[in-house]
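Structure at a glance
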Amino acid sequence: MYKNYTKTEIAFLGTLITAALIYRIANDTKIVRIPSEVILLIWIFCIGYIFFNRSIKLLINAVKNRNNFCVITAEITEIKHFYLSRGGGYDYYIISYEYMNKSYSQEIHNSFSIKKWKKDDRIKIKVNKNAPDNIIIVFSDVSTAVLMSIIGLIFEAVPIAVYLHTHK
């Protein structure tokens, strides 16, 4: 949940954009006729994966390992900036925690908090007893999953509405 976009998510986003471009070019040139239903199904599938994948993985992880998590406190040890083109970017956090007398460190690229985290802040996390690198920041994870699901439903509604409107 905390990593930057995965290769699979980027591939699905690329597939979504490529399908739209191919449909548009094929429709303008009239060389190949691609049914709009095919493109809409590709869009529905890709949007579903992009917006619901992490929420479903979180739910499966939480249900599958519900008895294996214990609550501990982690410390934000560093705040770094991920630079994008033209001066844009975002801050991400490096957290450190100890479990079973071993130190662990994680990068948190995707999180949600009511207050802005600062260096040396302490946050509660759940650590998987069998895989201490597997952590959950409960409030952040639930909030992010709900937000991504709402955005996903909105984006899913658009191609479905287009399909229903064009096939009355």
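Everything below is about the structure printed above this text.
This write-up is about the structure you can find in this document. What you are looking at is a predicted structure, and each value in this text was computed from that prediction instead of being measured.

Quick notes on the rules
- Residues numbered from 1 in each chain as written.
- Predicted model: local features only at pLDDT ≥ 70, side-chain atom pairs only at ≥ 80, totals over all residues.
- Heavy atoms only, no water.
- Helix = DSSP H or I, 4+ residues; strand = E, 2+ residues; numbered from the N terminus.
- Buried < 20%, exposed > 50% of the residue type's maximum accessible area, 1.4 Å probe, protein only.
- Contact = heavy atoms within 4.5 Å.
- Areas by Shrake-Rupley, 256 points an atom, 1.4 Å probe, with all protein chains shown as cover.
- Lys, Arg positive; Asp, Glu negative; His and termini not counted.
- Charge placed at Lys NZ, Arg CZ, Asp CG, Glu CD.
- Salt bridge = Lys/Arg side-chain N within 4 Å of Asp/Glu carboxyl O.
- Axes fitted to C-alpha atoms, helices over the stretch in contact; angles between N-to-C directions.
- Parallel < 35°, antiparallel > 145°, perpendicular 65-115°, else oblique.
- Nonpolar A, V, L, I, M, F, W, Y, C, P; charged D, E, K, R; others polar.
- Pairing = 2+ DSSP bridges.
- Phe/Tyr/Trp six-rings, centres within 6.5 Å; stacked < 30°, edge-to-face > 60°.
- Polar contact = N/O pair within 3.5 Å; in protein donor to acceptor, adjacent residues only side chain to side chain.

1. A word on the overall build of the protein
Looking only at helices and strands, the protein features three helices and five strands. Listing every helix and strand of the protein by position from the N terminus yields α-α-β-β-β-β-β-α. Taking all 168 residues of the protein together, 32% fall into the buried category. For the protein, the proportion of contacts with a sequence separation of at least 24, taken over those separated by at least 6, is 65%. Accessible area of the protein: about 11,300 Å², with a carbon and sulfur share of 64%. Here the protein holds 21 positive side-chain charges and 13 negative ones, and the gap between their average locations is 4 Å.

2. Observations concerning the pattern of salt bridges
Per the stated rule, a full pass over the model turns up five salt bridges. Residues Lys-116 and Asp-91 are paired through a salt bridge, measuring 4.0 Å at the closest nitrogen-oxygen approach. Here Lys-116, found in the loop between β3 (102-108) and β4 (122-128), pairs with Asp-91, found in strand β2 (residues 89-99); they are 25 residues apart in sequence, far enough to count as distant.

3. Here we look at the packing of helix α2 (residues 36-64) against helix α3 (residues 138-166)
Viewed as axis vectors pointing N to C, α2 and α3 meet at an angle of 170 degrees, and their least axial separation amounts to 9 Å. The orientation of α2 relative to α3 falls into the category roughly antiparallel. Tallied by class, residues from the contact of α2 with α3 come to 16 nonpolar, four polar and three charged.

4. Looking at the sheet that holds strand β1 (residues 69-83)
To summarise the sheet geometry, strands pair through backbone hydrogen bonds and adopt either a parallel or an antiparallel arrangement. In spatial order, the strands read β3-β2-β1-β4-β5; together these five strands make up an open sheet with antiparallel pairing. Only two strands of the sheet have a single partner each, and these edge strands are β3 and β5 (135-136). Of the strand pairs in this sheet, β1 and β2 are connected by eight bridges, and their pairing is antiparallel. When the sheet's bridge partners are listed, His-81 is paired in β2 with Asp-91.

5. Remarks on the packing of aromatic side chains
Counted according to the given criterion, the structure contains six aromatic pairs. With 5.1 Å between their ring centres and 70 degrees between their planes, Tyr-93 and Trp-117 make a pair best called edge-to-face. Of the two residues, Tyr-93 is situated in strand β2 and Trp-117 in the loop between β3 and β4; the sequence distance between them amounts to 24 residues. Accessibility expressed as a relative area gives 10% for Tyr-93, which makes it buried. Overall, Trp-117 belongs to the buried group, its relative accessible area being 7%. A network of ring pairs unites the aromatic residues Phe-12, Phe-45 and Tyr-49 as a single cluster.

6. Looking at the environment of His-109
Within the fold, His-109 resides in the loop between β3 and β4. Taking C-alpha positions, His-109 is 15 Å from Asp-133, a pair spaced 24 residues apart along the chain.

7. Some details on the side chain of Ser-55
Its location among the elements puts Ser-55 in helix α2. Only 3.4 Å separates the side chain of Ser-55 from the backbone oxygen of Ala-145, close enough to count as a polar contact. The contact partners of Ser-55, leaving out residues within four places of it in the chain, are Ala-145, Met-148 and Ser-149.

Treat this as a map of the structure, not an account of what it does.
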